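Remarks on the overall topology
What follows is each chain in one-letter form.
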Amino acid sequence: MKRQYPYHEWNKKRKQFSIIQRIGILSAVFLLTSVLSAGKWVPFEIFPSTDDQKSPDIYGSFVVWQQWVEFEGVTDWDIIGADITNPEDISVFGIAEFEKNQENPAIYDNVVVWQDNYHPNGDTDYDIYMLDLEDSEQVDKPVTDLLYDQINPAIFGNTVIWQDNSAGDWDISMADITDPENVDTFQLTPFEYDQLNAAIYHDTVAWQDDFVWEDNPDGVFNLFGADVLRLNKPIEYLFSALPEDQENVAACGHLIVWQQKFGNDWDIFAADISDPANPNVFSIATDTDNAEQPDIDGNLIVWQDDRNGDWDIYGFNLTTQEEFLISDNQPGQQTFSDQTNPRISGNTVVWQDNLGGEMSIYAAILSGSEVAKCPEKLPGDVNGDCIVNLQDFVLLAQNWLSCNFDQTGVCP
Ligand SMILES: [Ca+2]
Ligand SMILES: [Ca+2]
Ligand SMILES: [Ca+2]
Ligand SMILES: [Ca+2]
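In terms of regular secondary structure, the protein is built from 2 helices and 29 strands. For 412 residues, the compact-globule estimate of 2.2 N^0.38 gives 22 Å, and the protein sits close to it at 23 Å. Expressed as lengths along the three principal axes of its C-alpha atoms, the size of the protein is roughly 75 × 55 × 40 Å. Put simply, of all contacts in the protein between residues at least 6 apart along the chain, 46% involve residues at least 24 apart.

Looking now at the nonpolar core. A general trend in soluble globular proteins is that nonpolar side chains are found buried together. Formed by 93 residues in total, the largest nonpolar core has its most connected members in Val-63, Val-113, Val-160 and Ile-256. Broken down by element, this core gets its largest block of residues, 5 residues, from strand E21 (residues 265-272). Look past the residues within four positions of Val-113 in its chain and what remains in contact with it is Pro-105, Ala-106, Ile-128, Tyr-129, Met-130, Val-143, Pro-153, Ile-155 and Val-160.

Chain-level pLDDT for the protein is 90 on average; 91% of the residues reach the 70-or-more range. Contacts of residues 1-39 to residues separated by more than four positions or lying in other chains number 61 contacts, the stretch itself having pLDDT below 50.

Pairing within the open sheet is antiparallel, and its 4 strands lie in the order E11-E12-E13-E14. Two strands lie at the open edges of the sheet, namely strand E11 (150-156) and strand E14 (184-187), each paired on one side alone. Going across the sheet, the axis of each strand differs from the next one's by a mean of 25°, ignoring polarity.

Here we take up the domain arrangement of the protein. Here the protein is described as being made up of domain 1 (15-380) and domain 2 (381-412). On a C-alpha basis, the centres of domain 1 and domain 2 stand 39 Å from each other. Every contact between the two is made by 5 residues of domain 1 and, on the other side, 6 residues of domain 2. By residue class, the composition of the side of domain 1 that touches domain 2 is 2 nonpolar, 2 polar and 1 charged.

Our next topic: unusual backbone geometry. In this structure, Gln-138 takes a positive phi of about 50° despite not being glycine. Mapped onto the elements of the fold, Gln-138 is located in the loop between strand E9 (127-132) and strand E10 (141-142). Overall, the presence of 15 C-beta atoms within 10 Å leaves Gln-138 in the partly exposed class. The backbone of Asn-197 sits at a positive phi, close to 55°, despite the residue not being glycine.

In terms of residue burial, strand E4 (residues 62-71) counts as a mostly covered element, since 7 of its 10 residues are buried. The pairing of strand E3 (residues 53-59) with E4 spans 5 bridges and is antiparallel. Bridging across to E4, Lys-54 finds its partner in Gln-66. In this antiparallel pair of consecutive strands, E3 and E4, the connection spans 2 residues, and Gly-60 shows a positive phi of 60°. As paired strands, E4 and strand E5 (residues 74-83) are joined by 10 bridges and run antiparallel to one another. The residue bridging Gln-66 from the neighbouring strand is Ile-79, located in E5. Counting the residues between successive antiparallel strands, the hairpin from E4 to E5 contains 2 residues, one of them, Glu-72, with a positive phi of roughly 50°.

Residue placement: Leu-133 occurs in the loop between E9 and E10. Exposure remark for Leu-133: the 16 C-beta atoms within 10 Å place this residue in the partly exposed category. In the structure, Leu-133 is positioned 62 residues away from Gln-195 in sequence and 30 Å away in space, judged by C-alpha atoms. Apart from residues lying up to four places away in sequence, Leu-133 is in contact with Asn-110 and Val-112.

Turning to the environment of Met-359, a few remarks are in order. Among the structural elements, Met-359 can be located in the loop between strand E28 (348-353) and strand E29 (360-365). In this structure Met-359 comes out as buried when scored by C-beta crowding, with 22 C-beta atoms within 10 Å. For the pair formed by Met-359 and Ile-84, sequence separation is 275 residues and the distance between their alpha carbons is 19 Å.

Taken in spatial order, the 4 strands make up an open sheet running E2-E29-E28-E27, and their pairing is antiparallel. Where the open sheet ends on each side, the last strands, each with one partner, are strand E2 (44-45) and strand E27 (339-345).

The next subject is the pairing of E21. With 6 of 8 residues buried, E21 lies mostly within the body of the structure. When strand E20 (residues 255-262) meets E21, the two strands line up antiparallel, connected through 8 bridges. Bridge pairing in E21 links Trp-258 to Phe-269. In the sheet, E21 pairs with strand E22 (residues 280-285) via 5 bridges, with the strands oriented antiparallel. Pairing of Phe-269 across the sheet is with Ser-283, part of E22.

So, about the environment of Asp-149. Residue position: Asp-149 is located in the loop between E10 and E11. C-alpha separation for the pair Asp-149 and Ser-166, spaced 17 residues apart in sequence, amounts to 6.8 Å. Once residues within four sequence positions are removed from consideration, Asp-149 is found in contact with Asp-125, Tyr-126 and Asn-165.

Cut-offs used in this document
Residues numbered from 1 in each chain as written. Chains lettered and ligands numbered in written order. Predicted model: local features only at pLDDT ≥ 70, side-chain atom pairs only at ≥ 80, totals over all residues. Helix = DSSP H or I, 4+ residues; strand = E, 2+ residues; numbered from the N terminus. Rg over C-alpha atoms; globule rule 2.2 N^0.38 Å. Contact = placed C-beta atoms within 7 Å. Core = buried A, V, L, I, M, F, W, Y, C linked by C-beta atoms within 7 Å. Buried ≥ 20, exposed ≤ 12 C-beta atoms within 10 Å, placed from the backbone. pLDDT = per-residue confidence, 0-100. Pairing = 2+ DSSP bridges. Axes fitted to C-alpha atoms, helices over the stretch in contact; angles between N-to-C directions. Domains from an automatic or database assignment. Nonpolar A, V, L, I, M, F, W, Y, C, P; charged D, E, K, R; others polar.

Laid out in structure tokens, this is it:
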């Protein structure tokens, strides 16, 4: 199962380019200019630009994305970041502004990872790179230096995961980046068929997998996962196997969320994987329109939804069980556009928006009843809805004087 990739002495292949370009660009402060209109929360554009911006991720108040940047006559994707602690005084900074393409960034705390196809020898395969925003030298470091493509990274703590096509199909691999100079890499899914679009939260990794076996003869994507507490000895689970495709999984706490094909449209489902061998699946958004690209943090789930005729961002509060519209929801709004690809951290949601033609990154800081949490569970709140009422009493009465010890002679 375990495969230790040969470790290379990482060369400083891009250091020179890095220094030249880092000095020239974005350490500016931008004023909030794109307020749509008044409302309970007002979406704001993070870094107004005529460049296309897409694939945002967020951790706390740090937002990262990829941007189509022109430099000395050549245009390619770079990674840009912003601190949106104060939405009226956003600081924007360059993270990876190199030749070729830096794409699909992910962030955890102060560490950003991305896929990158710059090689000094002219190769164009993708590798995974990382930058610690607190690194005083601001030098990016390779997580992989492997043949073929390593793409689509995710990060939690000191564990980075990605998908790799070096075996002829997609596999998920992982790395421990505790010491960036000595990255240990492990294969998670050295299996046939495609394992891809993986998510990580603590020791849980989840991915979509079109593995064909007796329960999946058509090779649709099912959801698999693993406990990776020991990176060299992962324990694999089957989270959801249905005849319909299940894709784009995200994870937080003991929950995973994903999009699932139902008839001709996509729906959002979730599962409690506290007991990973027996997931408890429940639905989040199942109308006849498309709900896609879910993300989850705490008790909030977000996704993109086309029920209103264009793409909007929707949210669902797992505590109050209420659904709510996040984007294109301003009083008196006249202009509507497509909001897609949301990510959430705390009460802050980011997405990409094609308002005005090119793609831009927007954010909204949610507030009010839509984001209500239950700080602690009340004694007697049997159904966990943060209210002690008759519903709890009914559940209590149904089990009155029941006893469920697993050993005989213990119950009275
Ligand atoms: Ca670039
Ligand atoms: Ca590579
Ligand atoms: Ca595979
Ligand atoms: Ca919209």
